[in-house]
Every structure is written in structure tokens, then in C-alpha cells.
Amino acid sequence: MRNFLKITALFLLVVSAQAQEKNKAKALLDQVVAKTKSYKNIVIDFKYSIYNAKEKINQESKGNVAMEGNKYVLNFMGMTKLFDGKKVYTIVPEDEEVTISNYDESDANSISPNKIFSFFQKGFTYSMDIKQKVGGKPIQYVKLTPTNAKDQRKEILIGIDTKTKQIYNLIELGKNGTKTTLTVATFKVNQTLAKTYFTFDKAKYPKYYINKAD
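Predicted model, so just to flag it, every value in this text is computed and none were measured.

Draft legend 1. Here's a closer look at the overall build of the chain. From N to C terminus, the chain includes one helix and 12 strands. For the chain, the succession of helices and strands along the chain, N to C, is α-β-β-β-β-β-β-β-β-β-β-β-β. Taking all 214 residues of the chain together, 34% fall into the buried category. In the chain, the share of contacts with a sequence separation of at least 24, taken over all contacts with a separation of at least 6, comes to 46%. Total accessible area computed for the chain in this model is approximately 14,100 Å², and 53% of it derives from carbon and sulfur atoms.

Dropping the structure here:
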């Protein structure tokens, strides 16, 4: 009986500790969301890498994005994506082409830079991971595990600066062995942006082919 009670007590302690870690992780993520919503706009320079030893993939690239509300302008891999709140404009200078399409926010597969600050609110379990100093910054990692068995992501690590409550990096580990990392190089907020910053100006692309996908 004593052994049973000891085992039961140990089990309850483990469950309690796990629950506390989950609550801490969720609370930290909630702080990130709240902090992000407090900004008028956000302008980020970032580095992106993808690595898969089996597939012999090892690529790095840089980009930048400006976000205000649900609008954004993303410059990445030689093209620009602009979302004015209704339409997505994909501008490809190499092809001299602009593709205009609708953005369906309810579509889980729709890619939006804004989701970097909220995608983790559904579909994951949370747990605290390592904490370390990176460039003098106190970075606490939160591990996300997808609840959907069909999700091709094994886990995601979100590095959060515990002082500023800003995301420092995202590390995604795929079930196929692919590791993608997005690291924030500069994080600026409440910048002075032109009123037309998130407006597509057709006059700037007189020779471009305009492709209306929707």
C-alpha cells in the first residue's frame, strides 16, 4: 500500500509539474501576442535558412517585412508580396509580372507574415524548453508540438526575448528531417510609414504583365 501511495504521489507531482510548465509556456506566448498588438506597426529584417542533410539542402537567404494591422509588404527571394487588406499583389521583377489574388484568412494554408505572432494559438501543445543568452539577450524557448497527427511538422521552437517579449527566432523541425530557421536581425516598431505604403501603385510597373488570378 505504501509503495502504491508513493507511486501515486510521484505521478501527481509529475502531472502537476507538466501542467505548470504548460501554463508558463502559454502565458509567455500570450504576452508576445499582447505586446505585438500594442504596436502600430512592425518592421523586421530577417534571415531564413533551410537544411536537410538527406536531401543535401542547405540554403540561406535574407528578407524584410513591414506589417500594420493585417496589411504587409514582404520582400523575400527576389520578389515582393503586398497585402492591402483585400488583395495580395505578388510582384516578380525578374519576370516583370504582377499577380493579383484574393486572400482568404480562413484558409489554413494561406501564408501571411502576420501569422508569425499568432499561429501558435491553436493546434499545438506547449512546453518550456531551454533558456540561454544569445548576443546578450535572454532567450526562452517554447516548444510547440502539433496536435494533428497529419501535420508534417515534428515540433517548433519559438525563441522569445523575455525582456522585450518579442520573438527572436523560429526553428521548425519537419518529420522528413528538414530544419528551417527564421531569425530576426532587426525589430523596429511604430515607424513612420507613408499612407500609401501598403497600397499597390500600378503606375510603378508600366511594362509589367498584370495577372488577375481570382
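Structure shown, so let's carry the discussion forward.
Draft legend 2. The sheet that holds strand E1 (residues 42–52), seen in detail. Ordered by their spatial adjacency, 12 strands build an open sheet running E7-E8-E9-E10-E11-E1-E2-E3-E4-E5-E6-E12, and the pairing between neighbours is mixed. Whereas interior strands pair on both sides, the edge strands pair on one side only; in this sheet they are strand E7 (124–134) and strand E12 (209–212). For this sheet, the mean inter-axis angle between neighbouring strands, taken without regard to orientation, is 15°. The pairing of strand E2 (residues 57–68) with strand E3 (residues 71–76) spans six bridges and is antiparallel. By the bridge assignment, Ala-66 is partnered in E3 with Val-73.

Draft legend 3. How the structure looks around the side chain of Thr-178. Following the sequence through the fold, Thr-178 ends up in the loop between strand E10 (166–174) and strand E11 (179–189). Not counting chain neighbours up to four residues away, the residues in contact with Thr-178 comprise Ile-50, Tyr-51, Asn-52, Glu-172 and Leu-173.

Draft legend 4. Region of the structure containing the packing of aromatic side chains. This model, assessed by the stated rule, comprises 11 aromatic pairs. Here the aromatic rings of Tyr-48 and Phe-76 are separated by 5.6 Å at their centres, their planes lie at 80°, and the arrangement is edge-to-face. Here the residue Tyr-48 occupies a position in strand E1, and Phe-76 occupies one in strand E3, the gap between them amounting to 28 residues. With a relative accessible area of 27%, Tyr-48 lands in the partly exposed category. Classification of Phe-76 as buried rests on a relative accessible area of 19%. Considering the side-chain rings of Phe-119 and Phe-124, the 5.9 Å spacing of their centres and the 85° angle between planes classify their relative orientation as edge-to-face.

Draft legend 5. Local environment of the nonpolar core. Membership of the largest hydrophobic core comes to 31 residues, with the highest contact counts inside it found for Leu-29, Ile-44, Phe-117, Leu-144 and Ile-158. Top contributing element to this core by residue count: helix H1 (residues 2–37), with five residues. Contacts of Leu-144, omitting those with residues within four sequence positions, involve Leu-29, Phe-119, Phe-120, Phe-124, Thr-125, Tyr-126, Glu-155, Ile-156 and Ile-158.

Draft legend 6. How the structure looks around the pairing of E10. The element E10 is largely enclosed, with a buried count of seven among its nine residues. Strand direction decides the pairing type here: strand E9 (residues 153–161) and E10, joined by eight bridges, are antiparallel. Among the inter-strand pairings, Leu-157 is bridged to a residue of E10, identified as Ile-171. Connecting E9 to the antiparallel partner E10 that follows it, the hairpin turn spans four residues, and Lys-165 within it adopts a positive phi of roughly 60°. Bridge analysis of E10 against E11 gives five bridges, and the strand direction is antiparallel. Paired with Leu-170 across the strands is Leu-182, a residue of E11.

The rules behind each value
- Residues numbered from 1 in each chain as written.
- Predicted model: local features only at pLDDT ≥ 70, side-chain atom pairs only at ≥ 80, totals over all residues.
- Heavy atoms only, no water.
- Helix = DSSP H or I, 4+ residues; strand = E, 2+ residues; numbered from the N terminus.
- Buried < 20%, exposed > 50% of the residue type's maximum accessible area, 1.4 Å probe, protein only.
- Contact = heavy atoms within 4.5 Å.
- Areas by Shrake-Rupley, 256 points an atom, 1.4 Å probe, with all protein chains shown as cover.
- Pairing = 2+ DSSP bridges.
- Axes fitted to C-alpha atoms, helices over the stretch in contact; angles between N-to-C directions.
- Phe/Tyr/Trp six-rings, centres within 6.5 Å; stacked < 30°, edge-to-face > 60°.
- Core = buried A, V, L, I, M, F, W, Y, C linked by side-chain atoms within 4.5 Å.

Fair warning: the whole summary comes from geometry, so function is off the table for now.
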